Amino acid sequence: MASVIDPQTHARLRQSFLLGLTRQPPTIPPELAELLPRDREPALPLLALAAQWQRFAGTPAPVAEAVPDAARRLHEDARPILPDAARRALKALTRSVEKSLASNVVPLALRRVHAAGCRLHPFDLPDFAAAIKAEASEQGLAERAFLALIASDTDDDAAKGLVFERITAENWTTFPKAQRRAFVAGRRREDAAAGRALIESVWKSEPAPVRAALLDALTARLSDDDKPFLESLASDRADSVKQLAAQLLARLAERGEHGGFAEAARCFKRTGSLLAKVGLGSESTLTFKLPSDGMKWQETEALRERLFGGVQLSALAAAVGAPPEALIAALPPSEQRVLTLLMDAAEDQGDDDMVMRIIGARLTTSEQLHGYALMVLAAKARQPLAPAVAERVLASAGWRKAVQEIADATVPAAQKDDGRLVLMAALMPSATIPAFIASLNALTPASTRAAKDFAELIVALPNSAP
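I will try to describe carefully the structure that is included in this document. (Residues numbered from 1 in each chain as written. Predicted model: local features only at pLDDT ≥ 70, side-chain atom pairs only at ≥ 80, totals over all residues. Heavy atoms only, no water.)

The final tally for this structure, using the stated rule, is 24 salt bridges. A salt bridge links arginine 111 to glutamate 135, with the nearest nitrogen and oxygen atoms 2.3 Å apart. Within this pair, whereas arginine 111 is found in helix 6 (residues 99-115), its partner glutamate 135 is found in the loop between helix 7 (129-134) and helix 8 (141-150), the two being separated by 24 residues in sequence. In this structure glutamate 135 comes out as buried when scored by relative accessible area, which is 14%. In the salt-bridge network here, residues are joined through shared partners; they are Asp77, Arg79 and Glu143. (Salt bridge = Lys/Arg side-chain N within 4 Å of Asp/Glu carboxyl O. Helix = DSSP H or I, 4+ residues; strand = E, 2+ residues; numbered from the N terminus. Buried < 20%, exposed > 50% of the residue type's maximum accessible area, 1.4 Å probe, protein only.)

Structure representation (structure tokens):
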């Protein structure tokens, strides 16, 4: 016998009982009206019939949605989950670090987690979404897959690219622009012409921001062979691309006209006694002065780009006739841009050791450490300082002065960490963490909380590399 209550009738009755019979009186089908008693309110029989129908007929089973590929890839990550002690320290760091510094410090902490061969707990991924996205190329499979899961529908191609194990010439166009730029720069280091061909193959189909990022990858092994392509960009539809191409052409012209790095080398001068200059007295001092007298700020910046953009520090040191560390020590604090250009050039060549030499030389020779300068150095460091270098940094006059300035502050707001403490912690290897903590003894617990949380994270991480 067929039931007089079908799924649609049951749904309407259930809605009436949920909302209330006064707001929505039950609709009784004609077939059912003949079976209900006429001398009483039909609500109770209807409720009983609806309940029996739901019990025996049942509601249709929900259709399970297909599991996204990114979700499966997230759980395929073979790396161990971050140990509990390190997880607690990482969460404490996010609470203790100043909000104005969090966007710089938390990605550095995740970089250390990744270098230790660990991955975040799946429950923690939403809390660190912004920091993971800030350095997507530095993350492991689980974090990249999580980014793909939360990517918007309009960013579908980038979301797919985030879950690939490695970027190749076949899939490189699906990755975010930062990873694409790094891939092209790496290809340029192996084969400059092949790297340029990759850029040319997608040039017409890419938006201006991506074209600018890919064009910047030409700084790796920039040569006269790139001139025809750069000259063709004079009519590009984006001003930013035309300006960058003009800068690269000016850099090539500078190298050819002045025989390499001659003009850049002349910015470094030796000062000292006459005997020192001829090698008979005490060692002379190397100083730096940019030939920018009478120039406007924009012109001075362009001069820095022209002289030091793409310059390898080892080649520049050979032209000056001094060790690379001496050149870094000669740069005044105001020449942070020149320092950054030298580190960028080392990065483009894949010379991470030179980047760390530059960072170590800057930290050990600076008489005063500034928060912004430390932020740039910490962001460039793909690994912690060597223990011997870290010990020299902690014993340097610049670090002692930085700690003393915070300790001597009379205003409570000035006693807070302005970034120097926690950023220095981000550069420390695990071997020098005790010495780093000891160097903070003169400071208040409030000012050192974030730095000590970062140090605790480092100590709690496994020592094995991925």
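It is the contact of helix 20 (residues 336-348) with helix 22 (residues 371-380), at a shortest axis distance of 11 Å, that shows an interaxial angle of 0°. As judged from the angle between their axes, helix 20 and helix 22 are roughly parallel. Contacts from Gln336, Leu339, Thr340, Met343, Asp344 and Glu347 of helix 20 reach helix 22 at Tyr372, Ala373, Val376, Leu377 and Lys380. Split into classes, the residues belonging to the contact of helix 20 with helix 22 amount to 6 nonpolar, 2 polar and 3 charged. (Axes fitted to C-alpha atoms, helices over the stretch in contact; angles between N-to-C directions. Parallel < 35°, antiparallel > 145°, perpendicular 65-115°, else oblique. Contact = heavy atoms within 4.5 Å. Nonpolar A, V, L, I, M, F, W, Y, C, P; charged D, E, K, R; others polar.)

Using the criterion set out here, one finds 5 aromatic pairs in the structure. Relative to phenylalanine 229, the ring of tryptophan 203 has its centre 5.4 Å away and its plane inclined at 85°; by these criteria the two rings are edge-to-face. In this pair, tryptophan 203 sits in the loop between helix 11 (192-202) and helix 12 (208-216) while phenylalanine 229 sits in helix 13 (residues 227-231), placing the two residues 26 residues apart along the sequence. What makes tryptophan 203 buried here is its relative accessible area of 9%. Here the aromatic cluster, defined as three or more aromatic residues joined through ring pairs, consists of Phe268, Phe288 and Phe308. A cation sits over an aromatic face here: arginine 180 above tryptophan 172, 4.9 Å from the ring centre. (Phe/Tyr/Trp six-rings, centres within 6.5 Å; stacked < 30°, edge-to-face > 60°. Lys NZ or Arg CZ within 6 Å of the ring centre and 35° of its normal.)

Moving on, we get to the side chain of glutamate 263. Along the chain, glutamate 263 falls in helix 15 (residues 262-265). What makes glutamate 263 buried here is its relative accessible area of 15%. Among the polar contacts listed, one links the side chain of glutamate 263 to the side chain of arginine 306, at a separation of 3.5 Å. (Polar contact = N/O pair within 3.5 Å; in protein donor to acceptor, adjacent residues only side chain to side chain.)

This part takes up helix 18 (residues 313-320). Buried within helix 18 we find Leu313, Leu316, Ala317 and Val320. On an axial view of helix 18, the arc spanned by its buried residues comes to 100°, and they lie on one face. Downstream of helix 18 by a residue or two, glycine 321 has a phi angle that is positive, lying close to 85°. (Arc of directions from axis to C-beta.)

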